[in-house]
Amino acid sequence: MGRSFLIISCISAFVAATVLSVPLAKEIGLKKATADKNYYDYYAFAQFWPETQCMYVNDTFASHYCLLSTTVTTWTVHGLWPTRNYTTEPNSCNASWPFREKEIQALESSLSSHWPTYETDKPCSSLWAHEWAKHGTCAVINNTFIHDEKDYFAVGLKLRTLYGLEVFLRNHKIIPSDHETYEFDSIMDALKYELGGSRALVDCAYSNETKAHYLNQVTVCFSKSFTVIDCYSVQNVTNTQCPEKNIYYPIITYPDIIW
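These numbers were taken from a predicted model, which means no experiment stands behind them.

Conventions we followed
Within each chain, residue numbers correspond to sequence positions counted from 1 in written order. Per-residue local features of the predicted model are confined to residues with pLDDT of at least 70, and side-chain atom pairs are confined, for both listing and counting, to 80 or more; whole-chain, interface and lining totals are unaffected and use all residues. The basis for every side-chain value is the complete set of non-hydrogen atoms in the structure, without hydrogens or water. Strands here are runs of E lasting at least two residues and helices are runs of H or I lasting at least four, both read from the DSSP assignment and numbered beginning at the N terminus. Only protein chains enter the calculation, and the probe is 1.4 Å; a residue is then buried if its accessible area is under 20% of its type maximum, exposed if over 50%, and partly exposed in between. By definition in these notes, contact holds between two residues if any of their heavy atoms fall within 4.5 Å. Residue exposure ignores everything except the shown protein chains as possible cover, and the areas themselves are Shrake-Rupley values with a 1.4 Å probe. Ring geometry is summarised as follows: Phe, Tyr and Trp rings, the Trp one being its six-membered ring, pair when their centres sit within 6.5 Å, and such pairs are stacked at plane angles under 30 degrees, edge-to-face over 60 and tilted between the two. Here a polar contact is recorded for every N or O atom pair within 3.5 Å, except that within protein the pair must consist of a potential hydrogen donor and a potential acceptor, and residues adjacent in sequence are included only if both atoms are side-chain atoms. In this tally, Lys and Arg are treated as positive and Asp and Glu as negative; His is ignored, and so are the chain termini. Any Lys or Arg side-chain nitrogen found within 4 Å of a carboxyl oxygen on Asp or Glu counts as a salt bridge. In this scheme, strands are said to pair when DSSP sees at least two bridges between them.

Visitor: Give a description of the overall build of the chain that names residues and reports values.
Guide: Broken down by element type, the chain carries seven helices and seven strands. Listing the helices and strands of the chain from first to last along the sequence gives α-β-α-β-α-α-α-α-β-α-β-β-β-β. By residue count, 42% of the 259 residues in the chain fall in the buried class. For the chain, the proportion of contacts with a sequence separation of at least 24, taken over those separated by at least 6, is 75%. Surface accessibility of the chain: about 14,600 Å² in total, with carbon and sulfur atoms responsible for 55%.

Visitor: Tell me what's going on with the packing of aromatic side chains, and back it up with residues and numbers.
Guide: Aromatic ring pairs are reported here in terms of the distance separating the ring centres and the angle at which the planes meet. Under the definition given, this model contains 18 aromatic pairs. With a centroid separation of 4.7 Å and an interplanar angle of 65 degrees, the aromatic rings of Trp49 and Tyr249 are classed as edge-to-face. Here Trp49 is found in the loop between strand E1 (42-48) and helix H2 (50-60), whereas its partner Tyr249 is found in strand E7 (residues 247-249), with 200 residues between them in sequence. Residue Trp49 is classed as buried on the basis of its relative accessible area of 3%. The buried category is assigned to Tyr249, whose relative accessible area is 2%.

Visitor: So what's going on with the environment of Thr137? Which residues, and what values?
Guide: Take Thr137: it is sitting in helix H4 (residues 126-139). Accessibility expressed as a relative area gives 2% for Thr137, which makes it buried. With 44 residues separating them along the chain, Thr137 and Cys93 place their C-alpha atoms 5.4 Å apart. A distance of 3.2 Å separates a polar atom in the side chain of Thr137 from the backbone nitrogen of Cys93.

Visitor: Tell me about the side chain of Glu131, and please be specific about residues and values.
Guide: Among the structural elements, Glu131 can be located in helix H4. Despite its burial, Glu131 pairs with no opposite charge, the nearest such side chain being Lys134 at 7.0 Å. At 2.8 Å, the side chain of Glu131 and the side chain of Trp81 are in polar contact. If sequence neighbours within four positions are ignored, Glu131 has contacts with His78, Gly79, Leu80, Trp81, Trp115, Gly136 and Tyr152.

Visitor: Before we move on, can you summarise the pairing of strand E4 (residues 201-207) with the specific residues and values?
Guide: With respect to burial, E4 is a largely interior element, five of its seven residues being buried. Pairing of E4 with strand E5 (residues 212-222) involves seven bridges; the strand directions are antiparallel. Its bridge partner being in E5, Cys204 is matched across the sheet by Leu215. Here E4 hands over to E5 after four residues, with Lys211 in that stretch at a positive phi of 60 degrees.

Here's what the structure looks like:
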C-alpha cells in the first residue's frame, strides 16, 4: 500500500514529530490491528446440492433431520463469505449488529427456495441468522455493494441466479442421475469453462450407507468488485473429499408429505 511522506525541513518540527511518534504510532497501530482483523480480499460463494446435503445431514447428525421442501428444486446458497487470502477469516465482525428477520421479509420467499435451512428441527431462519452473524457482518465493512442485512442476502440471491450451477453443468451433459457417475476432472473442466477459465472449489460427501461419493458443494470465488477469480489462487486447496471418478450427482427426492 502506498504511503505519502511529508518531508519536514524545520528542525523543531522534526523534533516535535519525533517526540509524538511513540504514542502516535501506538494509537495508529492499535487502530490498524483492529481494522486488519476484519480485512478480507475476496468473496467465496458456496452452493449446496440439496439431495447430497440432506443425505449428509441425515447420515452425520443424530440430533438433526432433513426433509426437502418441494420449493427446493436446484442448487441452493450455503453462504457468501468475505475471506482473507489463504485463510478462513474474518468471522463474526460485529456482535452488536444482530440478525433481524424483519429486515429481509421481502426476500423470504426466495430465500426459502434458494437459501434454505436444511434441518427440519431448526427455525427456517436458522441458516440466515448464522450466515449473517458469521459472514454478513464482515461483508458490510468497506463494501460498495453491501451496506446492511438486506443487501447481503439480496446479493447472495442475485449471485445464485447469475451463477446457476445446474445450467453450467447441464451445458456439459452433467445432469442429476441415480445411476450415472462423473469424473472429478469433468466436473472441474465444465465449471472452469463456464467461469471463463477460473477454477471453482468442488466438494463431495461420502455416504457410509452406500459407500459412495456424492457431489455436495461448489464454491465460486469473486473479487471485491464481484468479478470471478480463480479459487485456487486465493485458497489452500487440500482435500475436497472427491475421488477421481465415480462421483454421483443424485436426483432430488421429496418426502411423501408435501409442505
